[in-house]
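Working through the structure, step by step
Here are the chains, one letter per residue:
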Amino acid sequence: MSISFNKVKQSYFQYLLLVSTAGVGLLVLSIFQIPSFIPLNVFLLLLGLAIVAQLSTASLPVGSEGITYQVAPAIAAAAIPFFGPFAVVFIDAAAALSLWILKPADEKTWKKSWEQLAFNTGMNALAMFCAGLSFLWLREILGAETVWGQLIPWLAAAVVHDQVNLWLLIGIMRLSQGRTLQPLAIWRENRWAMALSIPLFAIGGWLLSFTIQRFGLLGGATFFLPIVLSSFAFRLYVREMQGHMDNLEHIIADRTHELRKLMKERDAFLAVLTHDMKTPLTSISLYADILLRKPEIILEKPEIAMIFKRNQKALLEIVENILDLEKLQTDEGLQLTKDQLPINQMIGEIVESLEPMAFEKTIRLVFDQHLKPLYVCGDAQQLRRIFQNLLSNAVKYTPEGGEVRIEVSDQGEQIQIVFRDNGIGIPAEDLPYIFDRFRRVKKHEHQAVGTGLGLAIAKALVEAHDGQIEVDSAEGVGSTFSIVLPAYLSERSV
Ligand code: ATP
Ligand code: MG
């Protein structure tokens, strides 16, 4: 493998060197010919026009490749009837070089490298020189004064220029990419580009040389300058279009990201529907069937009514949670009735309500009350929900024999409430998303039932009270959820 790769590399550099040297050799020869380019002002006009045209070349991004329409070679070609093939080589190379020097590199269509400059100079010089020779040869045969002598040489020069360029390029591509590259496939792909570049070269070259011959220097300049300028305007337009396209790409990327997030949420929502809602529904349906078949069973087993009630409550809770979250996330929000609330007493009641659950799991519930009576400013019902969610999580996700601690502290304008447990903790990769809707730690799913809405609701409610919620957790060590809520200060109006 490595031998053949080296071979490819070696022949690639040999080819690159050959084309570059041949082309640069032609260019050097053409520099020596400059004194013979008479009238000099025509030569300078064509040189100037070609440089302006080259600088205004517009690249259209098509797929991953860029397509470039070049007017400069056609302008350079107009020099053939006046000064012969060396002048064309010089003008084309000077135009290409000025572009290389002045145009900053960009990632998509234009990369600057010495290797590229050398090869391009060589390739263009060879193509131009061959085009010039074929032009002169055919005009010699057909005669400059005949109609064929006016048309065929231009067409031939255009075809020769295009094909020499293309095949030299295919050569280097084949050597750098190996046998996977199909030369004929590339040629076929370029067919439609040829349909544009060949007439552009032939008609442009012919028209410009004809105008200069017929109307002199000024005629040529006045005729061709607008064409070059409009090509420049086209370039500006393409640039702006490219800007818009980049912008669109960003917008699409953002939207795709949002859409992916929404789809994830939808999947999680469906999981809740299918898992958490289906279980109580199936249970209700099973017991309803039994009752239909044997209604008197209710007398023997009155607990069936309790099963209905429990399942109905579970379903109602899920539905209410979803609806509340929706409400909290709309602009109107949930209607909060703010009061002066004694925090020690409220937490005390929640702790009491969760004691049976903690007792069952032999979990110690410790409430560190603040000695001073403290008051928060908030909605009693909603604050109870926050505390209930956080405390029930702490008990749910702490194994038997663990400890859950609640601490209340006075922070002046705010009151901090901390729920600390030494339970199973939250893995680091889940921690940043733990307040997202329907988010549950995969590993915890067997630990306790839940919908993954409790923390999302708690966060939304804390924020609706202008408070903050934070979490700190380590797997196997425990979790600490801490919230701060605005204190009720007697001078503050509610
Ligand atoms: P529910 O909607 O009934 O509250 P839930 O408890 O699963 O369901 P959240 O309260 O939103 O949902 O909690 C989300 C997830 O965060 C939980 O599923 C659990 O994996 C993890 N989690 C929450 N609190 C703790 C905690 N104290 N210790 C360890 N993991 C926790
Ligand atoms: Mg919960």
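Here the residue index of a chain counts from 1 through its sequence in written order. Both sets of labels track the order of writing: A upward for chains, 1 upward for ligands. Since the coordinates come from a predicted model, pLDDT governs what is reported: local features require at least 70, and pairs of side-chain atoms require 80 or more to be given and counted, while whole-chain, interface and lining totals use all residues. The side-chain quantities take in all heavy atoms of the structure and omit both hydrogens and water.

1. Things to note about the overall build of the protein chain
Counted only if it meets this: Helix numbers and strand numbers start at the N terminus; a helix is a DSSP run of H or I with at least 4 residues, a strand a run of E with at least 2. Only C-alpha atoms enter the radius of gyration, while the globule expectation follows 2.2 Å times N to the 0.38, with N the number of residues. Here the term buried applies to any residue with accessible area under 20% of the maximum for its type, exposed to any over 50%, and partly exposed to those in between, with areas from a 1.4 Å probe on protein chains only. Contacts were defined at the residue level, with two residues in contact if any of their heavy atoms lie within 4.5 Å. Values of accessible area rely on a 1.4 Å probe in the Shrake-Rupley scheme; residue burial ignores everything except the protein chains shown. When charges are tallied, Lys and Arg are placed among the positive residues and Asp and Glu among the negative ones, while His and the ends of the chain are skipped. By convention, the charge on Lys lies at NZ, on Arg at CZ, on Asp at CG and on Glu at CD.
Per the secondary structure count, the protein chain includes 14 helices and 9 strands. Scaling as 2.2 N^0.38, a compact globule of 494 residues should have a C-alpha radius of gyration of about 23 Å, whereas the protein chain reaches 41 Å, well beyond that. Over its C-alpha atoms, taken along the principal directions, the protein chain stretches across nearly 120 × 65 × 45 Å. Taken over 494 residues, the protein chain has a buried fraction of 41%. The contacts in the protein chain between residues at least 6 apart in sequence include a share of 71% that link residues at least 24 apart. Carbon and sulfur atoms make up 62% of the accessible area of the protein chain, which amounts to about 28,400 Å² in all. If the 43 positive side-chain charges of the protein chain are averaged to one point and the 50 negative ones to another, these points end up 8 Å apart.

2. Notes on a nonpolar patch on the surface
The condition that has to hold: The patches described consist of residues with a relative accessible area above 30% and no salt bridge, like charges being joined within 9 Å and nonpolar side chains (Val, Leu, Ile, Met, Phe, Trp, Tyr) within 5 Å. In the sections that follow, a salt bridge refers to a side-chain nitrogen of Lys or Arg positioned within 4 Å of a carboxyl oxygen of Asp or Glu.
Side chains of V24, V28 and F32 sit close together on the surface and give an oily, nonpolar patch of about 290 Å² of accessible area. Looking at the secondary structure, you find F32 in helix α1 (residues 2–33). Residue class for F32 comes out exposed when judged on its relative accessible area of 64%.

3. A look at the pairing of strand β8 (residues 468–474)
So the rule is basically this: At least two bridges found by DSSP between two strands is the condition for calling them paired.
Here 7 bridges tie β8 to strand β9 (residues 478–486), and the two strands are oriented antiparallel to one another. Pairing of D472 across the sheet is with T480, part of β9.

4. Re the site of ligand 1
The test is simple: The criterion for a residue being near a molecule or strand is simple. One of its heavy atoms has to lie within 4 Å of it. Counted as a polar contact is a pair of N or O atoms within 3.5 Å, where, for protein atoms, one must be capable of donating a hydrogen and the other of accepting one, and residues adjacent in sequence contribute only when both atoms are in side chains. In the scheme used here, Gly and all other residues not listed as nonpolar or charged are polar, with Ala, Val, Leu, Ile, Met, Phe, Trp, Tyr, Cys and Pro taken as nonpolar and Asp, Glu, Lys and Arg as charged.
Residues in close proximity to ligand 1 total 20 residues, the closest being N393, R440, H444, T451 and L455. Between V441 and ligand 1, the recorded distance is 3.2 Å, taken from a backbone N or O atom to an oxygen atom. Note that an oxygen atom of ligand 1 is positioned 3.1 Å from one of the backbone N or O atoms of G454. Look at ligand 1: alone it shows 600 Å² of surface, and the protein chains cover 94% of it. For the shell around ligand 1, the secondary-structure elements that each account for two or more residues are α13 (380–396), α14 (454–464) and β9. With 3 residues, α13 is the single largest residue contributor to the shell around ligand 1. Tallied by class, the residues present in the shell around ligand 1 amount to 8 nonpolar, 8 polar and 4 charged.

5. Topic: the packing of α13 against α14
Going by this rule: Geometry is summarised by axes, namely lines fitted to C-alpha atoms with helices restricted to the contacting stretch, and by angles between N-to-C directions that run from 0 to 180 degrees. Here is the rule for handedness: rotate from the far helix to the near one, and if that takes an anticlockwise turn smaller than a right angle the crossing is left-handed, while a clockwise turn gives right-handed.
For the pair α13 and α14, the least separation of the axes is 9 Å and the interaxial angle reads 140°. Every pair of crossing elements has a handedness; the one defined by α13 and α14 is left-handed. Side by side, α13 and α14 meet where Q382, R385, I386, N389, L390 and N393 of the first sit next to G454, L455, I457, A458, L461 and V462 of the second. Considering only residue class, the contact of α13 with α14 consists of 7 nonpolar, 4 polar and 1 charged.

6. Some remarks on the packing of helix α11 (residues 303–329) against α14
Helix-helix packing is described using two parameters, namely the angle between the two axes and the distance between the axes. In the contact formed by α11 and α14, the axes pass within 10 Å of each other and the chain directions differ by 35°. Here the hand of the crossing between α11 and α14 comes out left-handed. In contact with N321, L325 and L328 of α11, α14 contributes A456, I457, A460, L461 and A464. In terms of residue class, the contact of α11 with α14 is made up of 7 nonpolar, 1 polar and no charged.

7. Focus: the domain arrangement of the protein chain
Put simply, the rule reads: Where each domain starts and ends follows an automatic or database-derived domain assignment.
Taken domain by domain, the protein chain holds domain 1 (2–253), domain 2 (257–329) and domain 3 (338–492). Domain 1 and domain 2 are separated by 73 Å when their C-alpha centres are compared.

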